[in-house]
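Summary of structural features
One-letter residues, chain by chain:
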Amino acid sequence: MSWVLAPLFRFLDTSYDGDAPPAAASMADGAHLLGFSDEILLHILSHIPSTDLVLNVRRTCRKLAVLCLDKSLIHTVLLQKDYEASEDKVKQLVREIGREIQQLNMAGCYWLSGSTIEHVARCRGLVKVNLSGCRLTSLRLSKMLSVLQHLRSLAIDVSPGFDASQLSGECKATLSRVRELKQTLYTPSYGVVPCCTSLEKLLLYFEILDRTREGAILSGQLMVGQSNVPHYQNLRVFYARLAPGYINQEVVRLYLAVLSDRTPENLHAFLISVPGSFAESGATKNLLDSMARNVVLDALQLPKSWLNGSSLLQHMRFNNPFYFSFSRCTLSGGHLIQRVINGGKDLRSLASLNLSGCVHCLSPDSLLRKAEDDIDSGILETLVAACCNLRHLNLSAAHHHSSEGPGRHLCQLLARLRHLRSLSLPVCSVADSAPRADRAPAQPAMHAVPRGFGKKVRVGVQSCPGPFSSQAVPQPSSVFWSLLKNVPFLERLELIGSNFSSAMPRNEPAIRNSLPPCSRAQNVGDSEVAAIGQLAFLRHLTLAQLPSILTGSGLVSIGLQCQQLQSLSLANLGMMGKVVYMSALSDMLKHCKRLKDLRLEQPYFSANAQFFQALSQCSALQRLCLVSRSGTLQPEAVLAFMARCLHVVVCHMFTGESLTTCKSLQQSLLRSFQAERPALNVVIFPLLHEGLTDVIRDVPMVHLDEITLFKSRVAEEPPNLWW
């Protein structure tokens, strides 16, 4: 039974045969849980996984037997990330409430067999279903969709071997009524798009590899004539996200060619996310020209090569926009104000803005800006004033240095955005403009080794503070401290070094020799990290390339105060040759009772018994990824950790260990725990091995996208784009 049920059953000591709650199950004030109103109980029950709700909680007493079948609880069933949903549980769930389910989310249920997925056909009243990441052939899809006559929203994968000619007439009739389609492509294909003649929202994710496992080069040529232009005339939202690779670009061009002849009149969101360069073609130019003439948008994202040096933004028309992404564009501050914000026009409707990698976006028109040059605070002030209701802002992957002067610092200006829920900043941008009188100068990274790691203290040389010393106390005079104080409801925070390059990136080539940290990042250390502890509602935290972390003592403050933290990603903290924060990390993990995802990327990291003993206290942990060049691990400690943490289903470790050691540990983990954990996914492999690419391609996309590979997630997609 799921661990999330424990708080509920502490108050339930009743059998199915009785209604009267026993005194032993009463609260301290004499009130029993079942004495709450139905509305409160329904809210509590809504947080319980559907399988546990229907198969377990419903059988505890008569009152809950009725409430657990309330339409508000069973009309929408979420199996996504319900890693304890076994084959038998899912089949039984569908048998008991299948007729009542209207929305079903099975995204990422890679462990369920195709025969289990077929049971979706029993949910005849389905209006919306998400089967992304599920084992699905064209024949199984045809069989299911043939009976789902009410379906209006569909999400599927198109894998090698998919054959649209195998779709039955009844299946195509269902697809003709679908209005929303999310399609992830692993092979060059139109998938089911030609059958969806009533589409209003089309989301395409291109994950096609350039070569097959056997080394054959794939071609992006599709069946000419498969698609038909009138099918897209009702389209309101077009979104395409491409993984790296030429073939993904080749295939998306074919999709765009369909739109170029006649642009949908009702199109209001047009978004294409492409890593690297993506040259314009004649068809795309025609499409953009047509959009500029005929449509009014409220969401826009284009490849950087389409915008750089172009006057396209001057001609685009916007109406109450809610999402802009200009990631990696050479958009200057002047162009941002004039062409996007229209000289300070009211953009209170804008909820999400992605300016990651826009190195000139907060500077004047000159593109000759150097990394060490200061930003123009007037541009940022205009941006903040015009977009005062921003909830998601990404300014990462650039050097945004603030000049001296009251109220001119980037953090002071961003503090006015009181509605922020997610924020991504370069580390150097949160450094004070000048050294503060209340803080000693930061030590160079080469000396950032605390006592206790074997370094002798030399006479005449200032030694580093001991672990968890007063240095980690957040300074109220810090501009970063003030920023976080003014955005108390922040749920996601990313501090990423402007020169950081992950050894395992999501959308960029891996670079072994990364650039050194920005010099201003040397002024950001344990005190700034400790300031994050103010964020009581923080759920997701990323810290990458902070060279002046001396002990990591600020992590302890986060563990103690950020009790809602669910995902934590740490990369390249402190000096690169030593892991200076191991003791602090161990102390932090003791307090992270809600932590589900942990990603660590640190050279020379020792995954030893001490680390896994501390990690074992994260009782909710589900996914672990460790990336460490020249790092080591102790197989016995890993096995003991997995035995203690019963909910861990993802264990990915890429270290400096030998291939033999890695394979032996992986086989031991699978042999010991796979039977009891159906969703278990274990990958143990040498980080620098030439076969790593082939290993990565077998990782389920849900893990690859969310934890294994590094990327910034703030404003990555428009809010509420899909389920």
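Definitions and limits used
- All residue numbers here refer to positions counted from 1 along the written sequence of the relevant chain.
- Under the rules for a predicted model, residues below a pLDDT of 70 receive no local features and side-chain atom pairs below 80 are neither given nor counted, while totals for whole chains, interfaces and linings still include all residues.
- Derived side-chain values reflect all non-hydrogen atoms in the structure, with water molecules and hydrogen atoms excluded from consideration.
- In this description a helix means any DSSP run of H or I spanning at least four residues, a strand means any run of E spanning at least two, and both kinds are numbered starting from the N terminus.
- With a 1.4 Å probe rolled over the protein chains alone, any residue whose accessible area is under 20% of its type maximum counts as buried; one over 50% counts as exposed, and the rest are partly exposed.
- Contacts were defined at the residue level, with two residues in contact if any of their heavy atoms lie within 4.5 Å.
- Note on scores: pLDDT gives the predictor's confidence for each residue, bounded by 0 and 100.
- Only the contacting stretch of a helix is used when fitting its axis, a line to C-alpha atoms as for every element, and angles between N-to-C directions run 0 to 180 degrees.
- Here the angle decides the label: under 35 degrees means roughly parallel, over 145 means roughly antiparallel, 65 to 115 means roughly perpendicular, and every other value means oblique.
- Each residue gets one of three labels, nonpolar for Ala, Val, Leu, Ile, Met, Phe, Trp, Tyr, Cys and Pro, charged for Asp, Glu, Lys and Arg, and polar for the others, Gly among them.
- Identification of polar contacts relies on pairs of N or O atoms within 3.5 Å, with a donor-acceptor requirement for protein atoms, meaning one able to donate a hydrogen and the other able to accept it, and with residues adjacent in sequence counted only if both atoms are side-chain atoms.
- Cavity means a closed set of points on a 1 Å grid over the protein atoms alone, one where a 1.4 Å probe fits but cannot get out, pocket means an open set with protein on both sides within 12 Å along at least 5 of 7 lines, and lining means a residue has an atom within 4 Å of a point.
- Grid points are joined across faces, edges and corners, and a volume is the space filled by probe spheres set on the points.
- Crossing handedness is read from the near helix: turned anticlockwise from the far helix by less than a right angle, it gives a left-handed crossing, and turned clockwise, a right-handed one.
- For this analysis, a nonpolar core means a set of buried residues of the types Ala, Val, Leu, Ile, Met, Phe, Trp, Tyr and Cys, connected via side-chain atoms within 4.5 Å.

- As named in an unreviewed UniProt entry, the protein is F-box and leucine rich repeat protein 18, taken from Equus caballus.

**Overview of the overall build of the protein**
- Scanning the protein from N- to C-terminus turns up 25 helices and 22 strands.
- Here the protein holds 723 residues, and 55% of them are scored as buried.
- Looking at the protein alone, contacts between residues at least 24 apart form 77% of all its contacts between residues at least 6 apart.

**Describing the confidence of the model for the protein**
- Averaged over every residue, the pLDDT of the protein is 88; residues scoring 70 or more account for 87%.
- The low-confidence segment residues 436–471, where pLDDT is below 50, has 57 contacts with residues more than four positions distant or belonging to other chains.

**What to know about the packing of helix α19 (residues 553–561) against helix α20 (residues 582–589)**
- Relative orientation of the contacting elements α19 and α20 amounts to 5°, with a least axis distance of 8 Å. Comparing the axis directions of α19 and α20 gives the class roughly parallel. Packed against α19, whose contacting residues are Ser553, Leu555, Val556, Ile558 and Gly559, the element α20 presents Ala584, Asp587 and Met588 at the interface.
- Of the residues that constitute the contact of α19 with α20, the class distribution is five nonpolar, two polar and one charged.

**A look at helix α17 (residues 479–486)**
- Where α17 is concerned, the buried positions are Val479, Phe480, Trp481, Leu483 and Leu484.
- Against α16 (410–414), β13 (422–426), β14 (492–496) and α18 (526–531) lie the buried residues of α17.
- For α17, the capping residue at the N-terminal end is serine 478, with a side-chain oxygen 3.2 Å from the backbone nitrogen of phenylalanine 480.

**Structural notes on empty space enclosed by the protein**
- Scanning the entire structure with this criterion turns up three cavities of 30 Å³ or more.
- The volume enclosed by the second largest cavity comes to roughly 40 Å³.
- Grouping the constituent residues of the lining of the second largest cavity by class yields two nonpolar, two polar and six charged.

**Let's talk about the packing of helix α10 (residues 246–260) against helix α11 (residues 282–294)**
- The geometry of α10 relative to α11 is characterised by a closest axis approach of 9 Å and an angle of 45° between their N-to-C directions. It follows that α10 is oblique to α11 by the angle criterion. For the pair α10 and α11, the sense of crossing is left-handed. In this structure, α10 contributes Leu256, Ala257, Leu259 and Ser260 to the contact, and α11 contributes Ala283, Thr284, Asn286 and Leu287.
- Split into classes, the residues belonging to the contact of α10 with α11 amount to five nonpolar, three polar and no charged.

**Structural notes on the nonpolar core**
- Counting 202 residues, the largest nonpolar core has Met106, Phe238, Leu414 and Phe611 as its most contacted members.
- Sort the elements by how many residues they give to this core and α10 lands first, with seven residues.
- Leaving out residues up to four positions away in the same chain, leucine 414 has contacts with Leu380, Val384, Leu393, Leu395, Leu420, Leu423, Leu425 and Leu483.

**Things to note about the layout of surface pockets**
- By volume, the second largest pocket amounts to about 990 Å³.
- If you trace the second largest pocket, you find 40 residues lining it, with Ser327, Arg328, Ala397, Asn507 and Glu508 closest to the centre.
- For the lining of the second largest pocket, a count of residues per class yields 15 nonpolar, 18 polar and seven charged.

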